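# Overview (structure and organization)
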Amino acid sequence: MHNMIETLSVALGDRSYPIHIGTGVLTQVDLILPHIKQKKVVVVTNTTVAPLYLEMLRSALEAEGVSVLPVVLPDGEQFKTWETLNLIFDALLGARCERGTTLIALGGGVVGDMGGFAASCYQRGMPFIQVPTTLLSQVDSSVGGKTAINHPLGKNMIGAFYQPKMVLADISTLNTLPERELKAGLAEVIKYGLIRDLEFYVWLEENLEKLLARDASALTHAIHRSCANKAAVVAADEKETGERALLNLGHTFGHAIETGMGYGEWLHGEAVAAGTLIAAELSHQLGWLDAETVKRIERMFVRVGLPVFGPRLGTVRYLELMSHDKKVQNGKLRLVLLEGIGKAVLSDRASDAQISAAIEARCT
Ligand code: NAD
Ligand code: GLY
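Figured I'd write up the structure that's included with this text. (Residues numbered from 1 in each chain as written. Chains lettered and ligands numbered in written order. Predicted model: local features only at pLDDT ≥ 70, side-chain atom pairs only at ≥ 80, totals over all residues. Heavy atoms only, no water.)

Turning our eyes to something else, we now look at the sheet that holds strand β6 (residues 128–132). An order of β1-β2-β9-β6-β5-β3-β4 is seen for the seven strands of this open sheet, with the pairing classed as mixed. Here the strands that pair on one side only, and so sit at the sheet edges, are β1 (5–10) and β4 (67–73). Going across the sheet, the axis of each strand differs from the next one's by a mean of 20 degrees, ignoring polarity. Note that strand β3 (residues 40–46) and β4 share seven bridges and pair parallel. Each bridged residue has a counterpart across the sheet, and for Val43 the counterpart in β4 is Pro70. On the sheet, helix α2 (residues 82–94) packs against β3, β4 and β5 (102–107) and is oriented at approximately 155 degrees with respect to β4. (Pairing = 2+ DSSP bridges. Helix = DSSP H or I, 4+ residues; strand = E, 2+ residues; numbered from the N terminus. Axes fitted to C-alpha atoms, helices over the stretch in contact; angles between N-to-C directions. Contact = heavy atoms within 4.5 Å.)

Here we come to the site of ligand 2. Close to ligand 2 lie Asp140, Lys146, Lys230, Glu240, Arg244 and Leu247. For ligand 2, an oxygen atom lies 2.6 Å from a polar atom in the side chain of Lys230. Look at ligand 2: alone it shows 200 Å² of surface, and the protein chains cover 90% of it. For the shell around ligand 2, the class distribution of residues is one nonpolar, no polar and five charged. (Near = heavy atom within 4 Å. Polar contact = N/O pair within 3.5 Å; in protein donor to acceptor, adjacent residues only side chain to side chain. Areas by Shrake-Rupley, 256 points an atom, 1.4 Å probe, with all protein chains shown as cover. Nonpolar A, V, L, I, M, F, W, Y, C, P; charged D, E, K, R; others polar.)

The subject of this paragraph is helix α7 (residues 216–236). Over its 21 residues, α7 runs 30 Å from end to end, which matches the ideal 30 Å to within 8%, given 1.5 Å per residue. Along α7, the positions that sit buried rather than exposed are Ala218, Leu219, Thr220, Ala222, Ile223, Ser226, Cys227, Asn229, Lys230, Ala231, Val233 and Val234. Against β1, β2 (17–22), α4 (135–141), α5 (179–196) and α6 (198–212) lie the buried residues of α7. Measuring from the backbone nitrogen of Ser217 back to the side-chain oxygen at the start of α7 gives 3.2 Å, which picks out Asp215 as the cap. (Expected span 1.5 Å × (residues − 1). Buried < 20%, exposed > 50% of the residue type's maximum accessible area, 1.4 Å probe, protein only.)

The next point concerns the environment of Asp14. Examined against the element boundaries, Asp14 turns out to sit in the loop between β1 and β2. By relative accessible area, which is 78% here, Asp14 ends up exposed. Measuring from C-alpha to C-alpha, the distance between Asp14 and Gly154 comes to 33 Å, with 140 residues separating the pair along the chain.

Moving on, we come to unusual backbone geometry. Glycine aside, residues mostly have negative phi angles, and peptide bonds mostly take the trans form. The backbone of Arg124 sits at a positive phi, close to 65 degrees, despite the residue not being glycine. Tracing the sequence through the fold places Arg124 in the loop between α3 (109–121) and β6. Backbone geometry at Asn330 places phi at a positive 50 degrees, although glycine is not the residue there. When you line up the elements, Asn330 lands in the loop between α11 (315–322) and β10 (335–340). Looking at Asn330, the relative accessible area reads 81%, which means it is exposed.

As structure tokens, this is what we get:
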């Protein structure tokens, strides 16, 4: 007996792939089987997710005659490194995995980004599947093919664009997610409303409590709508030559917070929340966003319980950290700013003084 599944597609020509969203889909391996070429797969996961979900996935695959090699990584943003990546390569080589072996990333964005990057490099590219188990990874990181590890000088600095063969998002895995992680995931959900979907933003204002209570139908709607927004942007601009940069609202400030505070101190979604308020403040100071709209955005993040002020790293340190941003072009910082709810723009018009003033106003 199969549960209700909602399916979207990321339209990338012959590299198009489905995103399946549903309750209990983790064990519906009939969704996975068409995408694997061999009777052996590698499942990359971590020490937190393995005891919760590895056995479910493994036994469902083994029941279909597919053997599973688990690779269990240490858990945490601070382990999104070369050293951890190498553990994946050690396991792949040790088990004589071939170019045609499929890698399944089972976990949150850290596992997904590292598993995807390993798949992009191993024997110059092996197929991979995303099985995201956090809200953040179900609405954002598992879709679109950005894979990476961190560098001490900057977040996600070493990586590749490498699309998965499919994404399988099981909403029931969110039942075990810690409250703080659920809230962090909502930051990326709210992002889609802010950058390109006013109607969704209004729906979020009306349904936030249901999402915080993990109501399955509200979560399904939010994940579906987020993935639909992301899939549309990725299909239009896979390698981020334009529109895709808008998905980085709040991220230039947010990445500076994550790197500056030490990876793992602030969750990615928390840093994005505070970063979004700095971007909104800057948009206001530039005369593009009225004060009431900044307050409306702040109210949304406060209701979730996300930070609306960044840490006091000092403006010089912020600017130094932000100078490594991947959107820097010819040495000039480009920032995602807001002209209204549902309307983001990429701009290099803010001066360092204006950026510093917004940081000052929004950091405690
Ligand atoms: P995460 O992967 O660290 O997961 C958060 C925590 O939840 C971890 O401790 C994890 O082990 C645990 N966990 C995962 N699933 C669980 C479950 N079902 N039940 C209980 N615990 C569970 O963090 P995240 O928020 O999923 O992802 C953040 C990462 O994603 C960052 O590194 C960020 O840079 C990256 N990211 C990438 C993209 C992209 O496009 N590739 C987009 C956004 C974020
Ligand atoms: N998370 C930003 C992107 O995928 O482009």
